[in-house]
Every structure is written in structure tokens, then in C-alpha cells.
Amino acid sequence: MKKVILVLFAMSVLVACDNPISKKIKETKEQVSNTKEAIEEMSNMQEDIEALQNVEPLTNEEFKEWLPDEINGMKRTAYKAGQGAYMQIAMVEATYTSEDKSKKFKVEVIDGAGPVGAAATAGMRILFSQDFEEESETMTRRTVTKNGLKAIEEFRKKNNKSDIQLMHNDRFYIKATGTNMSIEETWDAIDDLDPDDLG
């Protein structure tokens, strides 16, 4: 009986303590879970990819019409479209800057329509099916679900820089970068862009 109690005590200590064995068990569980989710996502998106291959990507003009002149008090200071044309991928990039130049918001959008666009964004969708969280002295990185969308948030503490990546409507890959902006401020800027108006 004493042996059983000792074994149970030893096991509870192993589980409770932050030791390499319990860490490895946790990591393995997460990897198995992530692999399962990735396989499910690949299965789910097969029909989406086939449908998107037959959709006409947005034109440079349509992208430009979608971009507002101002976001959360920051004016558009740069704009670039068509840089993916040689790869037959529709994409746009824009930068917004506050009046005192203290804050900068940059957004990049790739349209997953068309044969090449659908293939290019497929890998990104698999990435968003994962669940992870990491933190160090300099940065935090994690997956979140916001407004029903899976996203990856990254915050670099030293220079107060936020990165948010997401797939909108399983078609548009959006990467938003906020300089001197918190994660919340960067999300606010994305909402102000109104991604629902895309396509």
C-alpha cells in the first residue's frame, strides 16, 4: 500500500512541476492536436480552393477603391498595387501615418482568387488551423479567434510593434503591422479598414 501511495505521489509531483518530462508530454499533445487540425483544414478547404480558382481576382483599381484615405486618425501616406502581377497574384499594400509621425499602420492584402492566388493562400490557411502560444523577454506570439476568424498575433515589446495575420472569408490573406501601436490598436485599425467590403 505504501508503495502505491509513493508511486502516486511521485506521479503527481511530475505532473504538477514544470519539469522537462511533463513539458515534452504537453508539446507532443499539442503537435498531435495541431496535425489533426491541419489535416481537417486541408480536407475542408479542397472545395474552397477549387471554387476560388474560378473566381476573378480583384483589380488594382478595385483594391484602391477599397482602401480608405484615413484610418483611426492616420492618413494614407503610401500605396502600392500590382507587385504580384508577374506571379499572377492580386495584392495591395498601403501605409498610414499619424500626423506627428509617432504611429504607423501598414496593411498587406493578397487575394486568394484565381489559380495561383488559391494555391498561394492554401498554405496560410493551414497555418491558421494551428494552436500555439509563445512568450520571451522580447516578444509574444499566439493564435487567437477574433470575430469568428482565426488569427496570429505577434507583439515585439522593445519597439512596441504589433503584427496580426488572418484569413478573411477564406479568401483574403491580411497582414497588418502597427508601429508604436498595441495589439488592440492594430485590431481597431483592421476593423476600420472594413475587410467585409473586400470582394
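J.: Looking at this structure, I do not really get the overall build of the protein chain. What am I missing?
T.: Looking only at helices and strands, one finds five helices and nine strands in the protein chain. When the helices and strands of the protein chain are read in sequence order from the N terminus, they spell out α-α-α-β-β-β-β-α-β-β-β-β-β-α. The buried share of the protein chain, taken over its 199 residues, is 37%. In the protein chain, of all internal contacts separated by at least 6 residues, the share reaching a separation of at least 24 is 47%. A total accessible area of about 12,200 Å² is found for the protein chain, and carbon and sulfur atoms account for 53% of it.

J.: Can you walk me through the pattern of salt bridges in this structure?
T.: Side chains carrying opposite charge are able to pair once their charged atoms draw close together. Throughout the structure, instances matching the rule amount to 14 salt bridges. When the shortest N-O distance is used, the salt bridge between Asp131 and Lys150 registers 3.1 Å. Residue Asp131 is found in the loop between helix H4 (114-128) and strand S5 (133-135), and its partner Lys150 is found in strand S7 (residues 149-156); the two are separated by 19 residues along the sequence. Take Asp131: its relative accessible area is 35%, and that puts it in the partly exposed class. Ionic contacts of the salt-bridge type, sharing partners, join the residues Glu134, Arg141, Glu154, Arg156 and Asp163 into one network.

J.: Please clarify how unusual backbone geometry should be interpreted in this entry.
T.: With the exception of glycine, the majority of residues adopt a negative phi angle, and the majority of peptide bonds are in the trans configuration. A positive phi angle, close to 65°, is found at Lys101, a residue other than glycine. With respect to the secondary-structure elements, Lys101 resides in the loop between strand S3 (91-97) and strand S4 (104-111). Classification of Lys101 by relative accessible area gives exposed; the value is 63%. Positive phi outside glycine occurs at Asn147, with the angle close to 50°. With respect to the helices and strands, Asn147 occurs in the loop between strand S6 (139-146) and S7.

J.: What should I look at first to understand the pairing of S6 in this one?
T.: On a regular strand, each side chain points to the face opposite its neighbour's, so the side chains alternate between the two faces of the sheet. Here S5 runs beside S6; their pairing, made up of three bridges, is antiparallel. Bridge pairing links Glu134 to Arg141 in S6. Between S5 and the antiparallel strand that follows it, S6, lie three residues. Bridge count for S6 against S7 is eight bridges, and the pairing is antiparallel. For Thr145, the partnering residue across the bridge sits in S7 and is Lys150.

J.: Just checking my understanding: could you explain the sheet that holds S4 for this structure?
T.: Strands pair in a sheet through their backbones, by hydrogen bonds, and they do so in one of two ways: parallel or antiparallel. Strands sit in the order S1-S2-S3-S4-S9-S8-S7-S6-S5 across an open sheet of nine strands; the sheet is antiparallel. Every other strand in the sheet has two partners, leaving strand S1 (70-71) and S5 as the edge strands with one partner each. Across eight bridges, S4 lies against strand S9 (residues 172-179) in antiparallel orientation. Each bridged residue has a counterpart across the sheet, and for Ile110 the counterpart in S9 is Tyr173. With respect to the sheet, H4 is in contact with S4, S7, strand S8 (161-168) and S9, its orientation differing from that of S8 by roughly 115°. The sheet strands contacting helix H5 (residues 183-193) are S1, S4, S6, S7, S8 and S9, and the helix crosses S8 at an angle near 40°.

J.: Looking at this structure, I do not really get H5. What am I missing?
T.: An α-helix turns once every 3.6 residues. As a result, residues three or four positions apart point the same way. Listing the buried residues of H5 in full gives Ile183, Thr186, Trp187, Ala189, Ile190 and Leu193. Angularly, the buried residues of H5 cover 160° about the axis, an arc narrow enough to put them on a single face. Asp194 sits one or two residues past H5 and shows a positive phi near 60°.

J.: Would you explain H4 in this entry?
T.: With 15 residues, H4 ought to run about 21 Å at 1.5 Å a step, and its terminal C-alpha atoms sit 21 Å apart, in line with that. Maximal helix bending in H4 amounts to about 25°, located at Ala122. Of all the positions in H4, only Gly114, Gly117, Ala118, Thr121, Ala122, Arg125 and Phe128 are classed as buried.

Parameters at a glance
- Residues numbered from 1 in each chain as written.
- Predicted model: local features only at pLDDT ≥ 70, side-chain atom pairs only at ≥ 80, totals over all residues.
- Heavy atoms only, no water.
- Helix = DSSP H or I, 4+ residues; strand = E, 2+ residues; numbered from the N terminus.
- Buried < 20%, exposed > 50% of the residue type's maximum accessible area, 1.4 Å probe, protein only.
- Contact = heavy atoms within 4.5 Å.
- Areas by Shrake-Rupley, 256 points an atom, 1.4 Å probe, with all protein chains shown as cover.
- Salt bridge = Lys/Arg side-chain N within 4 Å of Asp/Glu carboxyl O.
- Pairing = 2+ DSSP bridges.
- Axes fitted to C-alpha atoms, helices over the stretch in contact; angles between N-to-C directions.
- Arc of directions from axis to C-beta.
- Expected span 1.5 Å × (residues − 1).
- Bend = angle between axes of the 7 residues up to and from the residue.

In short, geometric facts, not functional conclusions.
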